[in-house]
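Given next are the chains, with one letter for each unit.
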Amino acid sequence: MNVQIEQGWKEVLAQEFNKPYFLQIVHFLKTEKNNGKVIYPPGSLIFNAFHMSPFAQTKLVILGQDPYHGPGQAHGLCFSVPDGIRPPPSLMNIFKELFTDIGMAIPQTGNLTPWARQGVLLLNAYLTVEANSPASHSQAGWGEFTNTVIQKLSDLKEDLVFLLWGRFAQEKQPLIDETKHLVLKAAHPSPFSADKGFFGCRHFSKSNEWLMKKGMDPIDWKL
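For clarity, every value in this text was computed on a predicted model and none was experimentally measured.

Enquirer: Which residues make up the packing of helix H4 (residues 89-102) against helix H8 (residues 203-213), and what values do they have?
Expert: Running from N to C, H4 and H8 point in directions that differ by 60°, and their axes come no closer than 8 Å. On the basis of the axis angle, H4 is oblique to H8. Two secondary-structure elements touch here, H4 through Ile 94, Glu 97, Leu 98, Asp 101 and Ile 102 and H8 through His 203, Phe 204 and Ser 205. Across the contact of H4 with H8, the residue classes tally to four nonpolar, two polar and two charged.

Okay, structure coming up:
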């Protein structure tokens, strides 16, 4: 199956696209659309995280759960919203921690594309969602696909940083070889849990310390 995805990722994930579970995802999405369901993000942006952060350039991974389910919010990058869309509460808490950690002023935009272009893979575990129905595509097969993405990153690259926020993301920890990658864990930035360990985690400065120690350029977190 010819999936439109960045060439480096296409080569790394080539075997996945013809597996039964992936064909099931495609069939599921087509059926849902034919039944009049509204799905986010738009089809052209489902693999946006991979286009923005090619496999060869990826050096840090932030793992989310599923796309935002409100109109105009999801554009294929976890936690991110397009310019002109009000940043949701979890993203605002990320910005608050950035201010505390590195003194970054709260930005006027919630668009994290500049991070992605520096090699930050903003990966949701589930790449699609039905409008107004969070986690509605959690059983569609995306979990198997994104688990493979994490495993391939761990196996084929070195010195990556993985930011695992919240219990859901931390369940992916066994997929990561911690003898060669840095795993940083904290509570989820959601308003329900940010004060239970996300605030004060200093993951942004810690990530840059690791990258520089390994001879890589730090992430410019400013937007």
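Next comes the rest of the description.
Enquirer: If you had to explain the environment of Asp 83 to someone new, which residues and values would you point to?
Expert: Following the sequence through the fold, Asp 83 ends up in the loop between strand S2 (60-64) and H4. You can call Asp 83 exposed: its relative accessible area is 55%. The spacing of Asp 83 and Phe 204 is 121 residues in sequence and 22 Å in space, taken between C-alpha atoms. The residues touching Asp 83, leaving out its near neighbours within four places in the chain, are Thr 109 and Asn 111. In terms of polar contacts, Asp 83 uses its side chain to reach the side chain of Thr 109, at 2.5 Å.

Enquirer: Describe the state of the cysteines, with residues and values.
Expert: In total, this model carries zero disulfides according to the counting rule given. Free of any disulfide, Cys 78 has its nearest neighbouring cysteine sulfur in Cys 201, separated by 14 Å. Take Cys 78: its relative accessible area is 1%, and that puts it in the buried class. What makes Cys 201 buried here is its relative accessible area of 8%.

What counts and what doesn't
- Residues numbered from 1 in each chain as written.
- Predicted model: local features only at pLDDT ≥ 70, side-chain atom pairs only at ≥ 80, totals over all residues.
- Heavy atoms only, no water.
- Axes fitted to C-alpha atoms, helices over the stretch in contact; angles between N-to-C directions.
- Helix = DSSP H or I, 4+ residues; strand = E, 2+ residues; numbered from the N terminus.
- Parallel < 35°, antiparallel > 145°, perpendicular 65-115°, else oblique.
- Contact = heavy atoms within 4.5 Å.
- Nonpolar A, V, L, I, M, F, W, Y, C, P; charged D, E, K, R; others polar.
- Buried < 20%, exposed > 50% of the residue type's maximum accessible area, 1.4 Å probe, protein only.
- Polar contact = N/O pair within 3.5 Å; in protein donor to acceptor, adjacent residues only side chain to side chain.
- Disulfide = S-S within 2.5 Å.

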